[in-house]
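# Analysis of the macromolecular model
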Amino acid sequence: MNDRVSRYPDSEALAQAAAELFIELVNDAIAERGQCHVALAGGATPRATYAALARETCAARVDWSRVQVYWGDERCVPPNSLDSDFRLAWETLLAHVPIPAEHVHRMRGELEPRAAMEEYDALLHQAFPGVSWPRFDLILLGLGTDGHTASLFPGTAALAETERWVAANFVPQLDAWRLTLTLPAINHAANILFLVSGARKAEILREALRPADHSAPLAARRVHPIHGTLRWLVDAEAAALLGTGYINEE
Ligand code: 6PG
(Lines give C-alpha, C1' and ligand atoms only; values in the text may rest on other atoms or scores of the structure.)
Protein backbone atom coordinates (compact mmCIF):
# COMPACT_ATOMS: atom_id res chain seq x y z
CA MET A 1 0.00 0.00 0.00
CA ASN A 2 1.36 3.37 -0.93
CA ASP A 3 1.98 5.28 2.29
CA ARG A 4 -0.39 8.20 2.73
CA VAL A 5 1.62 11.41 2.52
CA SER A 6 -0.13 14.66 3.38
CA ARG A 7 1.65 17.97 2.83
CA TYR A 8 0.92 21.15 4.79
CA PRO A 9 2.10 24.70 4.07
CA ASP A 10 4.09 25.07 7.28
CA SER A 11 4.88 23.48 10.64
CA GLU A 12 1.91 25.07 12.39
CA ALA A 13 -0.56 23.74 9.81
CA LEU A 14 1.15 20.36 10.15
CA ALA A 15 0.77 20.46 13.93
CA GLN A 16 -2.91 21.37 13.74
CA ALA A 17 -3.59 18.57 11.21
CA ALA A 18 -1.70 16.09 13.37
CA ALA A 19 -3.74 17.13 16.41
CA GLU A 20 -7.00 16.66 14.48
CA LEU A 21 -5.91 13.21 13.26
CA PHE A 22 -4.78 12.28 16.78
CA ILE A 23 -8.24 13.17 18.11
CA GLU A 24 -9.98 11.24 15.31
CA LEU A 25 -7.93 8.07 15.80
CA VAL A 26 -8.11 8.21 19.61
CA ASN A 27 -11.88 8.71 19.57
CA ASP A 28 -12.31 5.86 17.06
CA ALA A 29 -10.41 3.52 19.38
CA ILE A 30 -12.39 4.66 22.43
CA ALA A 31 -15.66 4.19 20.54
CA GLU A 32 -14.57 0.69 19.51
CA ARG A 33 -13.04 -0.61 22.74
CA GLY A 34 -13.64 1.90 25.48
CA GLN A 35 -10.02 2.93 25.74
CA CYS A 36 -7.01 3.90 23.63
CA HIS A 37 -3.29 3.14 23.84
CA VAL A 38 -1.08 5.85 22.32
CA ALA A 39 2.72 5.95 22.11
CA LEU A 40 4.15 9.47 21.87
CA ALA A 41 7.22 10.55 19.92
CA GLY A 42 10.16 12.47 21.27
CA GLY A 43 12.38 15.08 19.67
CA ALA A 44 11.37 18.63 18.78
CA THR A 45 8.88 18.08 15.92
CA PRO A 46 5.91 16.86 17.98
CA ARG A 47 6.13 19.81 20.39
CA ALA A 48 3.79 21.94 18.26
CA THR A 49 1.34 19.06 17.90
CA TYR A 50 1.28 18.48 21.66
CA ALA A 51 0.73 22.21 22.22
CA ALA A 52 -2.15 22.17 19.70
CA LEU A 53 -3.70 19.18 21.49
CA ALA A 54 -3.43 20.97 24.83
CA ARG A 55 -5.49 23.90 23.58
CA GLU A 56 -9.08 23.78 24.90
CA THR A 57 -10.53 23.53 21.37
CA CYS A 58 -8.76 20.19 20.98
CA ALA A 59 -8.33 18.88 24.52
CA ALA A 60 -12.06 19.10 25.22
CA ARG A 61 -12.77 16.69 22.34
CA VAL A 62 -10.98 13.75 23.98
CA ASP A 63 -12.11 11.75 27.00
CA TRP A 64 -8.61 11.64 28.55
CA SER A 65 -9.85 9.24 31.26
CA ARG A 66 -9.91 6.61 28.52
CA VAL A 67 -6.45 7.31 27.11
CA GLN A 68 -3.35 5.35 28.12
CA VAL A 69 -0.12 7.14 27.15
CA TYR A 70 3.23 5.48 26.47
CA TRP A 71 6.45 6.53 24.75
CA GLY A 72 7.97 5.14 21.57
CA ASP A 73 11.39 5.83 23.01
CA GLU A 74 13.22 7.72 25.72
CA ARG A 75 16.66 9.01 26.45
CA CYS A 76 18.43 7.44 29.44
CA VAL A 77 18.11 10.58 31.53
CA PRO A 78 15.98 11.59 34.54
CA PRO A 79 12.43 12.78 33.84
CA ASN A 80 13.33 16.36 34.73
CA SER A 81 16.17 16.48 32.21
CA LEU A 82 15.76 18.91 29.30
CA ASP A 83 16.57 15.89 27.09
CA SER A 84 13.69 13.83 28.45
CA ASP A 85 10.99 12.92 25.94
CA PHE A 86 8.64 12.48 28.89
CA ARG A 87 9.36 16.03 30.07
CA LEU A 88 8.61 17.43 26.58
CA ALA A 89 5.20 15.73 26.41
CA TRP A 90 4.40 16.46 30.06
CA GLU A 91 5.12 20.17 29.84
CA THR A 92 3.45 20.74 26.45
CA LEU A 93 0.44 18.41 26.73
CA LEU A 94 -0.09 16.01 29.62
CA ALA A 95 0.10 18.58 32.42
CA HIS A 96 -2.71 20.50 30.67
CA VAL A 97 -5.28 17.74 30.15
CA PRO A 98 -7.26 15.71 32.72
CA ILE A 99 -5.44 12.42 32.12
CA PRO A 100 -5.20 10.26 35.27
CA ALA A 101 -1.60 10.05 36.51
CA GLU A 102 -1.78 6.25 36.42
CA HIS A 103 -2.47 6.43 32.68
CA VAL A 104 0.89 8.09 31.96
CA HIS A 105 3.43 5.31 31.46
CA ARG A 106 6.87 6.82 31.08
CA MET A 107 10.02 4.84 30.38
CA ARG A 108 12.18 5.33 33.47
CA GLY A 109 15.30 6.67 31.81
CA GLU A 110 16.88 7.29 35.19
CA LEU A 111 17.35 3.55 35.72
CA GLU A 112 20.21 1.43 34.42
CA PRO A 113 19.20 0.90 30.75
CA ARG A 114 18.61 -2.84 30.88
CA ALA A 115 16.60 -2.53 34.11
CA ALA A 116 14.49 0.20 32.52
CA MET A 117 13.97 -2.01 29.46
CA GLU A 118 12.85 -4.98 31.55
CA GLU A 119 10.52 -2.77 33.59
CA TYR A 120 8.88 -1.25 30.51
CA ASP A 121 8.63 -4.62 28.81
CA ALA A 122 6.76 -5.94 31.87
CA LEU A 123 4.55 -2.83 31.91
CA LEU A 124 3.60 -3.37 28.26
CA HIS A 125 2.91 -7.07 28.78
CA GLN A 126 0.52 -6.04 31.59
CA ALA A 127 -1.14 -3.48 29.33
CA PHE A 128 -1.39 -5.93 26.41
CA PRO A 129 -1.86 -9.35 28.11
CA GLY A 130 -1.82 -12.66 26.28
CA VAL A 131 -0.61 -11.45 22.88
CA SER A 132 2.60 -11.93 20.90
CA TRP A 133 2.89 -8.22 20.14
CA PRO A 134 1.32 -5.06 21.58
CA ARG A 135 -1.24 -3.38 19.34
CA PHE A 136 -1.03 0.33 20.01
CA ASP A 137 -3.97 2.22 18.60
CA LEU A 138 -1.62 5.02 17.56
CA ILE A 139 2.13 5.46 17.50
CA LEU A 140 3.58 8.90 16.72
CA LEU A 141 7.05 8.87 15.20
CA GLY A 142 9.61 11.44 14.13
CA LEU A 143 12.32 11.08 11.50
CA GLY A 144 15.97 11.80 12.17
CA THR A 145 18.21 13.19 9.42
CA ASP A 146 20.04 9.84 9.45
CA GLY A 147 16.77 7.95 8.93
CA HIS A 148 16.33 6.82 12.52
CA THR A 149 12.95 6.75 14.13
CA ALA A 150 12.14 6.26 17.79
CA SER A 151 15.63 5.33 19.02
CA LEU A 152 16.28 2.84 16.22
CA PHE A 153 19.47 4.34 14.81
CA PRO A 154 21.29 3.01 11.73
CA GLY A 155 23.76 0.28 12.58
CA THR A 156 22.57 -0.21 16.16
CA ALA A 157 21.66 -3.52 17.76
CA ALA A 158 17.99 -2.70 18.39
CA LEU A 159 17.34 -2.55 14.63
CA ALA A 160 17.82 -6.33 14.50
CA GLU A 161 15.61 -7.14 17.51
CA THR A 162 12.82 -9.51 16.48
CA GLU A 163 11.67 -10.94 19.83
CA ARG A 164 11.55 -8.18 22.41
CA TRP A 165 8.93 -5.44 22.57
CA VAL A 166 11.36 -2.94 24.12
CA ALA A 167 15.12 -2.59 23.69
CA ALA A 168 17.91 -0.84 25.55
CA ASN A 169 19.98 0.44 22.65
CA PHE A 170 23.51 1.83 22.85
CA VAL A 171 23.90 4.47 20.13
CA PRO A 172 27.61 4.95 19.31
CA GLN A 173 26.77 8.02 17.20
CA LEU A 174 25.55 9.69 20.40
CA ASP A 175 27.74 7.75 22.83
CA ALA A 176 24.54 7.26 24.77
CA TRP A 177 22.01 4.63 25.76
CA ARG A 178 18.41 4.91 24.63
CA LEU A 179 15.21 2.97 25.33
CA THR A 180 12.99 2.18 22.36
CA LEU A 181 10.09 0.15 21.10
CA THR A 182 11.38 -2.40 18.63
CA LEU A 183 10.37 -2.53 14.95
CA PRO A 184 7.98 -5.48 15.38
CA ALA A 185 6.30 -3.70 18.31
CA ILE A 186 5.90 -0.59 16.15
CA ASN A 187 4.76 -2.53 13.07
CA HIS A 188 1.94 -4.23 14.99
CA ALA A 189 0.28 -0.87 15.69
CA ALA A 190 -3.14 -0.09 14.25
CA ASN A 191 -2.07 3.41 13.17
CA ILE A 192 1.42 4.82 12.68
CA LEU A 193 1.84 8.54 12.12
CA PHE A 194 5.16 10.12 11.10
CA LEU A 195 5.50 13.86 11.67
CA VAL A 196 8.25 15.44 9.53
CA SER A 197 8.99 19.14 9.39
CA GLY A 198 11.71 21.40 8.03
CA ALA A 199 14.09 21.72 5.09
CA ARG A 200 16.79 19.69 6.82
CA LYS A 201 14.54 16.61 6.57
CA ALA A 202 13.89 16.90 2.82
CA GLU A 203 16.57 14.47 1.64
CA ILE A 204 15.98 11.83 4.27
CA LEU A 205 12.22 12.03 3.75
CA ARG A 206 12.64 11.26 0.06
CA GLU A 207 14.83 8.30 1.02
CA ALA A 208 12.47 7.11 3.74
CA LEU A 209 9.49 7.09 1.36
CA ARG A 210 11.10 4.66 -1.03
CA PRO A 211 9.26 1.31 -0.96
CA ALA A 212 9.46 -0.41 2.42
CA ASP A 213 12.47 -2.68 2.73
CA HIS A 214 12.89 -4.69 5.89
CA SER A 215 16.62 -4.94 5.35
CA ALA A 216 17.12 -1.22 4.71
CA PRO A 217 19.71 0.48 6.94
CA LEU A 218 17.19 3.22 7.68
CA ALA A 219 14.76 2.24 10.42
CA ALA A 220 12.15 4.52 8.88
CA ARG A 221 12.09 2.33 5.76
CA ARG A 222 11.41 -0.72 7.89
CA VAL A 223 8.29 0.79 9.43
CA HIS A 224 5.35 -0.88 7.73
CA PRO A 225 2.27 -1.79 9.77
CA ILE A 226 1.33 -5.44 9.36
CA HIS A 227 -2.40 -4.76 9.83
CA GLY A 228 -2.73 -1.02 10.12
CA THR A 229 -2.31 2.37 8.54
CA LEU A 230 0.85 4.36 7.92
CA ARG A 231 0.57 8.09 7.40
CA TRP A 232 3.18 10.77 6.87
CA LEU A 233 2.25 14.34 7.78
CA VAL A 234 4.91 16.63 6.35
CA ASP A 235 5.32 20.35 5.80
CA ALA A 236 6.26 21.94 2.47
CA GLU A 237 9.91 22.43 3.44
CA ALA A 238 10.36 18.75 4.30
CA ALA A 239 8.49 17.75 1.12
CA ALA A 240 10.57 19.99 -1.15
CA LEU A 241 12.32 17.06 -2.89
CA LEU A 242 9.27 14.82 -3.25
CA GLY A 243 7.77 14.37 -6.69
CA THR A 244 4.01 14.96 -6.91
CA GLY A 245 3.55 11.21 -7.15
CA TYR A 246 4.33 10.93 -3.45
CA ILE A 247 1.80 13.43 -2.21
CA ASN A 248 -1.68 12.02 -1.66
CA GLU A 249 -3.29 14.91 0.09
CA GLU A 250 -2.64 18.62 0.17
C1 6PG B 1 13.92 11.27 20.07
C2 6PG B 1 12.93 10.81 19.04
C3 6PG B 1 13.62 10.72 17.71
C4 6PG B 1 13.14 11.94 16.95
C5 6PG B 1 13.99 12.20 15.74
C6 6PG B 1 13.58 13.52 15.08
O7 6PG B 1 13.83 10.82 21.22
O8 6PG B 1 14.72 12.14 19.72
O9 6PG B 1 12.22 9.78 19.34
O10 6PG B 1 13.33 9.56 16.98
O11 6PG B 1 11.79 11.70 16.54
O12 6PG B 1 15.34 12.31 16.18
O13 6PG B 1 13.83 14.54 16.02
P14 6PG B 1 13.36 16.05 15.73
O15 6PG B 1 11.87 16.04 15.74
O16 6PG B 1 13.93 16.83 16.90
O17 6PG B 1 13.94 16.44 14.40
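Below or above, wherever it landed, is the structure these notes cover. (Residues numbered from 1 in each chain as written. Predicted model: local features only at pLDDT ≥ 70, side-chain atom pairs only at ≥ 80, totals over all residues. Heavy atoms only, no water.)

### Re the overall build of the protein
In terms of helices and strands, the protein carries seven helices and nine strands. What you see for the protein is a C-alpha radius of gyration of 17 Å, in line with the 18 Å of a compact globule of 250 residues. Seen through its principal axes, the protein has C-alpha atoms that stretch 45 × 40 × 35 Å. Out of the 250 residues belonging to the protein, those deemed buried represent 54%. (Helix = DSSP H or I, 4+ residues; strand = E, 2+ residues; numbered from the N terminus. Rg over C-alpha atoms; globule rule 2.2 N^0.38 Å. Buried < 20%, exposed > 50% of the residue type's maximum accessible area, 1.4 Å probe, protein only.)

### Notes on the site of the ligand
Lining the immediate surroundings of the ligand are 16 residues, of which Thr45, Asp73, Arg75, Ala150 and Lys201 lie closest. Arginine 75 places a polar side-chain atom, nitrogen or oxygen, 2.7 Å from an oxygen atom of the ligand. Between an oxygen atom of the ligand and a side-chain N or O atom of lysine 201, the distance comes to 2.6 Å. Coverage of the ligand by the protein chains reaches 90% of its 410 Å² of free accessible surface. Of the pockets mapped on this structure, the ligand occupies the largest pocket. Here the residues of the shell around the ligand are counted per class, giving three nonpolar, seven polar and six charged. (Near = heavy atom within 4 Å. Polar contact = N/O pair within 3.5 Å; in protein donor to acceptor, adjacent residues only side chain to side chain. Areas by Shrake-Rupley, 256 points an atom, 1.4 Å probe, with all protein chains shown as cover. 1 Å grid on protein atoms, 1.4 Å probe; cavity = no way out; pocket = protein on both sides within 12 Å on 5 of 7 lines; lining within 4 Å. Sits in = over half its atoms within 2 Å of the grid points. Nonpolar A, V, L, I, M, F, W, Y, C, P; charged D, E, K, R; others polar.)

### A short note on the side chain of asparagine 169
Counting through the fold element by element, asparagine 169 comes out in strand 6 (residues 166-171). Here asparagine 169 falls in the buried class, since its relative accessible area comes to 1%. Polar side-chain contacts of asparagine 169 include one of 2.9 Å to the side chain of threonine 156. Among all residues touching asparagine 169, those that are not within four sequence positions of it are Ser151, Leu152, Phe153, Thr156, Ala157, Ala158, Ala176, Trp177, Arg178 and Thr180. (Contact = heavy atoms within 4.5 Å.)

### Section: the layout of surface pockets
In this structure, the largest pocket spans a volume of roughly 400 Å³. Surrounding the largest pocket, 25 residues form its lining, Gly42, Gly43, Leu143, Gly144 and His148 being those nearest its centre. Among the elements of the structure, strand 4 (73-75) and strand 5 (138-141) are those that each provide at least two residues to the lining of the largest pocket. Classifying every residue of the lining of the largest pocket gives eight nonpolar, 10 polar and seven charged. Its boundaries defined by the atoms lining it, the second largest pocket holds a volume of some 190 Å³. As for the second largest pocket, its lining consists of 13 residues, and the residues nearest its centre are Arg47, Leu82, Asp83, Ser84 and Leu88. Broken down by class, the residue content of the lining of the second largest pocket amounts to three nonpolar, four polar and six charged. (Points joined across faces, edges and corners; volume = space filled by probe spheres on them.)

### Comments concerning the nonpolar core
Membership of the largest hydrophobic core comes to 46 residues, with the highest contact counts inside it found for Leu124, Phe136, Leu181, Ile186, Phe194, Leu205 and Trp232. Going through the elements one at a time, helix 5 (113-127), strand 5, strand 6, strand 7 (176-181), helix 6 (183-187), strand 8 (191-196), helix 7 (202-208) and strand 9 (229-235) are the ones with two or more residues in this core. Looking at this core element by element, the count peaks at four residues for helix 5. Ignoring anything within four residues of it in the chain, the contact list for leucine 124 reads Tyr70, Phe136, Trp165, Val166 and Leu181. Tyr50, Phe86, Leu93 and Leu233 belong to the second largest nonpolar core, which has 40 residues in total. (Core = buried A, V, L, I, M, F, W, Y, C linked by side-chain atoms within 4.5 Å.)

### Section: the sheet that holds strand 1 (residues 4-8)
Across the sheet, which stays open at both edges, the six strands sit in the order 1-9-8-5-2-3 with parallel pairing between neighbours. Strands at the two margins of the open sheet, each flanked by one partner only, are strand 1 and strand 3 (67-71). With strand direction ignored, the average angle separating the axes of adjacent strands in the sheet is 20°. Of the strand pairs in this sheet, strand 2 (residues 36-40) and strand 5 are connected by two bridges, and their pairing is parallel. Residue pairing across strands places alanine 39 opposite isoleucine 139, the latter belonging to strand 5. Its contacts with the sheet put helix 1 (residues 11-33) on strand 1, strand 2, strand 3, strand 5, strand 8 and strand 9, and the angle it makes with strand 9 is roughly 160°. Seen against the sheet, helix 5 touches strand 2 and strand 3 and runs at an angle of roughly 155° to strand 3. (Pairing = 2+ DSSP bridges. Axes fitted to C-alpha atoms, helices over the stretch in contact; angles between N-to-C directions.)

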